[in-house]
Amino acid sequence: MDMRKFLSLAGAVLAVAAPLRAELAPEVYIELQNKAAEVLEIRVDEVESKPKGLLDRSSYTETVKATVTGVTRTLSGAKKGDAITIIYHRPVPAKGWVGASPPPQLKQGRAYTAWLAKGEGGTFSISARGMSFTRMAD
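Residues numbered from 1 in each chain as written. Predicted model: local features only at pLDDT ≥ 70, side-chain atom pairs only at ≥ 80, totals over all residues. Heavy atoms only, no water.

A. Examining the packing of aromatic side chains more closely. Scanning all chains against the criterion turns up two aromatic pairs. Each ring, one from Tyr112 and one from Phe133, has its centre 6.2 Å from the other, and the planes form 70°; the classification is edge-to-face. Taken together, the residues span a long stretch of sequence, with Tyr112 in strand E4 (residues 111–118) and Phe133 in the segment after strand E5 (124–126) at a distance of 21 residues. Among the residues examined, Tyr112 registers a relative accessible area of 14% and is labelled buried. (Phe/Tyr/Trp six-rings, centres within 6.5 Å; stacked < 30°, edge-to-face > 60°. Helix = DSSP H or I, 4+ residues; strand = E, 2+ residues; numbered from the N terminus. Buried < 20%, exposed > 50% of the residue type's maximum accessible area, 1.4 Å probe, protein only.)

B. Representation of the layout of surface pockets. Roughly 200 Å³ of internal volume is contained in the largest pocket. Residue lining of the largest pocket: eleven residues in total, with Pro91, Ser101, Pro102, Pro103 and Arg129 positioned closest to the centre. Residue classes in the lining of the largest pocket are distributed as six nonpolar, three polar and two charged. (1 Å grid on protein atoms, 1.4 Å probe; cavity = no way out; pocket = protein on both sides within 12 Å on 5 of 7 lines; lining within 4 Å. Points joined across faces, edges and corners; volume = space filled by probe spheres on them. Nonpolar A, V, L, I, M, F, W, Y, C, P; charged D, E, K, R; others polar.)

C. Spatial organisation of the side chain of Thr67. By the secondary structure assignment, Thr67 is in strand E2 (residues 59–73). What Thr67 contacts, discounting residues up to four positions off in sequence, is Glu41, Ile42, Arg43, Asp45, Gly81 and Asp82. (Contact = heavy atoms within 4.5 Å.)

D. Layout of the pattern of salt bridges. A complete count under the given rule lists six salt bridges for this structure. For Arg90, the salt bridge identified is with Glu62, shortest N-O distance 2.7 Å. Taken together, the residues span a long stretch of sequence, with Arg90 in strand E3 (residues 83–91) and Glu62 in strand E2 at a distance of 28 residues. Residue Arg90 shares its accessibility class with Glu62, and that shared class is buried. Note that Asp82 and Lys79 form a salt bridge whose closest N and O atoms lie 3.7 Å from each other. (Salt bridge = Lys/Arg side-chain N within 4 Å of Asp/Glu carboxyl O.)

E. Main features of the nonpolar core. Of all hydrophobic cores here, the largest spans 16 residues; its most connected members are Leu40, Ile42, Ile84, Ile86, Leu106, Leu116 and Phe133. Among the elements of the structure, strand E1 (38–51), E2, E3 and E4 are those that each provide at least two residues to this core. Beyond its immediate chain neighbours, meaning those up to four positions away, Ile84 contacts Leu40, Ile42, Val64, Lys65, Ala66, Val68, Leu116 and Phe124. (Core = buried A, V, L, I, M, F, W, Y, C linked by side-chain atoms within 4.5 Å.)

F. View of the side chain of Arg90. Under the relative-accessibility criterion, Arg90 is labelled buried at 12%. At 2.7 Å, the side chain of Arg90 forms a polar contact with the side chain of Glu62. Excluding residues that lie within four positions of it along the chain, Arg90 makes contacts with Ser49, Ser59, Tyr60, Glu62, Pro103, Pro104 and Gln105. (Polar contact = N/O pair within 3.5 Å; in protein donor to acceptor, adjacent residues only side chain to side chain.)

Written as structure tokens, this is what we have:
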């Protein structure tokens, strides 16, 4: 087998074997937001980002301390003025990456609408994947 045929065959095998990832349809994010147990307006007081590893910056664990400034929906009983902690995983897409939107890194001092779930230990997690801090529909 000549080199061109070999490379073509190898490329085809890799293309088929590689997992396919694509952006989720807006309707999926809207459904996730509609099902979120907590829909809170928050002001970010502090953000701590920890990389996956010492040399691995492919993802971060975000710990966000925020103040609730408004409540649209809550199952946990969150109230305006409550201090909350949100912990979530934030992958950093590599160049050329195709896939579902990763959640953003929140900025201290900024206000967001947050689609959340209350987890163990009283912390909150994201409920609408990469659109947990971006309004998709009213």
